[in-house]
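An overview of the molecular structure
Here is what each chain is made of, one letter per residue.
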Amino acid sequence: MTATRTPGVPVVEDGVLVSTSPATGDEVGRFPVASAAEVDAAVARARTASSWWASLGFDGRRERLLRYRSLLANRLAELADLVHREGGKPAAEAVVEVTAAIDHVAWAARHARRVLGPRRVRGSLLVAEHAAYLEYQPYGVIGVIGPWNYPVFTPMGSIAYALAAGNAVVFKPSEYTPAVGQWLVDRFAEVVPEQPVLQIVHGTGEVGGALCRSGVGKLAFTGSTATGKKVMAACAETLTPVLVECGGKDAMIVEADADLDAAVSACLWGGMTNAGQTCIGIERVYVAERVYDDFLGKLVERAAKLTVSDGEDADFGPITMPGQIDVIRRHIDDAIARGGRAVLGGPDAVQPPYVKPTILVDVPEDSVAVREETFGPTLTVTRVRDGDEAVERANASVYGLGGSVFSRSRGMELARRLRSGMTAVNGALSFAGVPSLPFGGIGDSGFGRIHGEDGLREFARAKAITRRRMPSPLPAMSFDRSPKAVAMIARAVRLVHGRSR
Ligand code: NDP
């Protein structure tokens, strides 16, 4: 039976997921949908594979992961083309995405031993006779559920760090980008053919739910806040720990002393790259009144020149998930109905599967275009007194993922005050390209961190060990202690901790 197809909307035909291009409707690939039993079987295989993978040690895993990153680098053009065909983003944009992902694979491989390797730590007064050791042990199997908007970079932020920490991974890609997910997993199997260390299970949300209930050691989810809550609820049934990377409504602050040309350039790219379908995309802009008119004029002039098509030279392509077009339309319509104005684009900019650049001003702060994630190439630009008012407004959001500040003198100060997991000063989205920095949000943007040292620790359990190294001179944690020993301990604690400084 063949279902009617809408370009870009995945369909399941006879138990097979069919993926199509959102721009052309061309079929990109077919993938068998996994049943709950097949998900469980994949996790069982992964459990066995994880013992072998862990036994390779940091050096063995590093060597294989670095080979994987070389393979990705050497076949970058092929992967970028697939990302373009399946998700719609220009191949040039896909090259940038894959490059960032490759950097993360290399960083995780090279730093896992330093961050997670066993170490001796300082002992204590109370148990001076014991040496203390800290180790980070893998969970075994990590379930990774990923979104479609950055189908390489985003899941790889969990997969690379989980693998480097010594886990096997079972990956459920978005039903919108199964071909990209399969490609990544197949290439890994070329480098690590011995055991199914990285497996994939295809399907819709139900398959993600099955993965949550499969008994994985930890579940790393990236997607919308609404689905993140469902994932947490499903994982709660088995007390499976979760990492939740969700959406955002990131703000850019433009202070009066900002370099306006640089701010405009970063604002456009941060807001409209990948057609605005970026979790850390700029969606709200707060501009100091002294430079508001100048900034807006430059922004509109440059945004009007952006090209939108499926062509190679396009600045951005179609909306990947056709259903999202209704959300974008609703946000624009609501903003205008509530007194806002479109100084570029507007309702007519919505031309499925494309949405042209849209800049909205005078939009009330409580409208959906300011409060909810739009995930389209739209920006609200709002006049504020100064950076302080901008911070106040930016922080009045349930989300707290990334953000940006443009100022010559107050950048770091304002950045620290933004309620978000990440902030770029005089730039946009730049933190995502630095593997040594943690990535993640607060509030409705989720919790936990991928990338960097925190990202490695996220996929390992801290294990504390003490080892007696000599008989107890002053037994304190024992019924053998004498009153004399207790008195000596009391004297010692006064000596060590009794001073006020
Ligand atoms: P969704 O929440 O719709 O889906 C995310 C993943 O969860 C998909 O693989 C989806 O499968 C799966 N899923 C759906 N329902 C369930 C369920 N009940 N149980 C388990 N898994 C389920 O997000 P999108 O794919 O639309 O991605 C866009 C969202 O992701 C945006 O909100 C964006 O901000 C956010 N995002 C966050 C990032 C971050 O790091 N903070 C990075 C990138 C994106 P299926 O697709 O088959 O339905």
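Residues numbered from 1 in each chain as written. Predicted model: local features only at pLDDT ≥ 70, side-chain atom pairs only at ≥ 80, totals over all residues. Heavy atoms only, no water.

1. Quick notes on the side chain of S214
Going by this rule: By the criteria applied, helices consist of DSSP H or I runs no shorter than four residues and strands consist of E runs no shorter than two, each listed in order from the N terminus. For the purposes of these results, a polar contact is taken to be a pair of N or O atoms within 3.5 Å, where, inside protein, one atom must be able to donate a hydrogen and its partner to accept one; residues adjacent in sequence count only when each atom of the pair is a side-chain atom. Contacts are assigned to residue pairs with any non-hydrogen atoms lying within 4.5 Å of each other.
By secondary structure assignment, the location of S214 is in the loop between α7 (205–212) and β9 (218–222). Within polar-contact distance, the side chain of S214 engages the backbone oxygen of L211 at 2.7 Å. What S214 contacts, discounting residues up to four positions off in sequence, is V39, D40, V43 and R47.

2. Remarks on the nonpolar core
What counts is decided by this rule: Residue types Ala, Val, Leu, Ile, Met, Phe, Trp, Tyr and Cys, when buried and joined through side-chain atoms within 4.5 Å, form a set referred to as a nonpolar core. Three exposure classes are used, based on accessible area relative to the maximum for each residue type with a 1.4 Å probe and protein chains only: buried under 20%, partly exposed in between, and exposed over 50%.
Formed by 126 residues in total, the largest nonpolar core has its most connected members in V254, V285, F295 and V381. The biggest single contributor to this core is helix α4 (residues 91–116), with 13 residues. The residues contacting V254, other than those within four sequence positions of it, are L260, A263, V285, Y286, V287, A288, V291, F295 and F406. Counting residues in each nonpolar core, the second largest holds 23 residues, with V39, A46, V170 and L211 among its members.

3. With respect to the domain arrangement of the protein chain
Where we set the bar: Either an automatic procedure or a domain database provided the assignment from which the domain bounds are taken.
Parsing the protein chain into structural domains produces domain 1 (42–245 + 452–460), domain 2 (250–433) and domain 3 (475–501). The distance between the C-alpha centroids of domain 2 and domain 3 comes to 60 Å.

4. A word on the UniProt feature "active site" (unreviewed entry) in the protein chain
Let me state the cut-off plainly: UniProt positions are given in the numbering used here, feature names are shortened, and annotations may be inferred rather than shown by experiment.
Look at the UniProt record and you will see "active site" (unreviewed entry) annotated at E245. With respect to the element layout, E245 can be found in strand β10 (residues 242–245). On the basis of relative accessibility, which here comes to 3%, the residue E245 falls in the buried class. Discounting chain neighbours no more than four positions away, the residues touching E245 are F221, T222, G223, F439, G440, G441, S445, G448, R449 and I450.

5. Focus on the packing of aromatic side chains
Counted only if it meets this: Aromatic contacts are taken between Phe, Tyr and Trp rings whose centres are within 6.5 Å, Trp giving its six-membered ring; a plane angle under 30 degrees counts as stacked, one over 60 as edge-to-face, and the others as tilted.
As enumerated under the stated definition, the model contains 5 aromatic pairs in all. Ring centres 6.3 Å apart and planes at 40° place the aromatic pair W52 and W53 in the tilted group. Its relative accessible area of 0% is what places W53 among the buried residues. Ring centres of W53 and F188 lie 6.0 Å apart, and the angle between their planes is 70°; on these two criteria the pair is classed as edge-to-face. In this pair, W53 sits in helix α1 (residues 36–55) while F188 sits in helix α6 (residues 178–191), placing the two residues 135 residues apart along the sequence. Look at F188 and you get buried, because its relative accessible area is 1%. In this structure an aromatic cluster arises from ring pairing among W52, W53, Y68 and F188.

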